[in-house]
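Descriptive structure summary
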Amino acid sequence: MVELIRQHLATQEDMEVVCVAYDGEKCLEKLKEVETDVLLLDIIMPHLDGLGVLEELMKQKNNPAVIMLSAFGKDEVSQQAVTLGAAYFLLKPFSMNQLVNKIRLVTNNNPTIQPETMDSKIATVLREVGIAPHIKGFTYLKDAVGLVLEREELLGLITKELYPTIARTHKTTSSRVERAMRHAIKSAWKEGMSDHTLFTGRIEQEKSPKNSEFISYVSNYMKPS
């Protein structure tokens, strides 16, 4: 597959394959050595998968546009890829013409690309405070903040209405939603989330915030000043 892509792109006058890597770790190493406009990134790779590469790239500046390639069409995986900054998600098998068109789209800053939505803005804030995007708690917290921004009274109905609403959306249970959120917040707090400006002035810095408190902090932060 790699060689087929390389050969086809070599026939395009406006494209050049500057490097190739066969696992996620080598990919990150190559990107430090070579200036790249577009990264074609497979989901399944040895040592570090495509989502792991995206997570590492998010910590850096001036990254290439990323087109994800995958044989799995699960909405959950594609949503994670987009949340982590991928420009497009291309499902295998795809035609070489499809791939070339997608490369041209991302390099030409095509105006049809949708502007940042509130959902993506919330995802950005969650990533900034240290919530890992690949875990379920990230998705549940993102949904919770979005719902609270629409209906602030849900903060007082977190057990009776907020958890059940999110659970129905993701076909799970309220208790699993609650636990996943709590795990995501606690894990990020241990990794230094307490230092983020969002929590400046919070009295109890040793303990991580409860789910409702965290959702309240983020939703207030997201409100227009």
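Nothing here was measured: the structure is a model prediction, and the numbers come from that model.

Here's the deal with unusual backbone geometry
Here histidine 47, not a glycine, exhibits a phi torsion of approximately 70 degrees, which is positive. Note that histidine 47 resides in the loop between β1 (38-42) and α3 (50-57). Overall, the relative accessible area of 64% leaves histidine 47 in the exposed class. Positive phi is not limited to glycine here, since lysine 171 has a value of about 55 degrees. For lysine 171, the position within the fold is in the loop between α8 (158-169) and α9 (174-190).

What to know about the pattern of salt bridges
Counted under the stated rule, the structure contains 8 salt bridges. The shortest N-O distance in the salt bridge between glutamate 3 and arginine 6 comes to 3.2 Å. Here the residue glutamate 3 and the residue arginine 6 both occupy positions in helix α1 (residues 2-10), the gap between them amounting to 3 residues, near one helical turn. With a relative accessible area of 33%, arginine 6 lands in the partly exposed category. The partner of lysine 142 in a salt bridge is aspartate 143, with the nearest N and O atoms 3.8 Å apart. Among the charged side chains, a network of salt bridges with common partners joins Arg151, Glu153 and Glu161.

Some remarks on the environment of leucine 149
Residue position: leucine 149 is located in helix α7 (residues 136-150). Along the chain, leucine 149 and threonine 107 lie 42 residues apart, while their C-alpha atoms are 34 Å from each other. Discounting residues that sit within four places of it in the chain, leucine 149 has contacts with Met118, Ile122, Ser219, Met222 and Lys223.

With respect to the pairing of β1
Side-chain direction in a regular strand flips from residue to residue, so the side chains alternate between the two faces of the sheet. Bridging between β1 and strand β2 (residues 65-70) involves 5 bridges; their strand directions are parallel. Each bridged residue has a counterpart across the sheet, and for leucine 40 the counterpart in β2 is isoleucine 67. For the handedness criterion, the β-α-β arrangement of β1, α3 and β2 is classed as right-handed.

What counts and how
- Residues numbered from 1 in each chain as written.
- Predicted model: local features only at pLDDT ≥ 70, side-chain atom pairs only at ≥ 80, totals over all residues.
- Heavy atoms only, no water.
- Helix = DSSP H or I, 4+ residues; strand = E, 2+ residues; numbered from the N terminus.
- Buried < 20%, exposed > 50% of the residue type's maximum accessible area, 1.4 Å probe, protein only.
- Salt bridge = Lys/Arg side-chain N within 4 Å of Asp/Glu carboxyl O.
- Contact = heavy atoms within 4.5 Å.
- Pairing = 2+ DSSP bridges.
- Right-handed = clockwise from strand over helix to strand, strands pointing away.

All we've got here are geometric facts, nothing functional implied.
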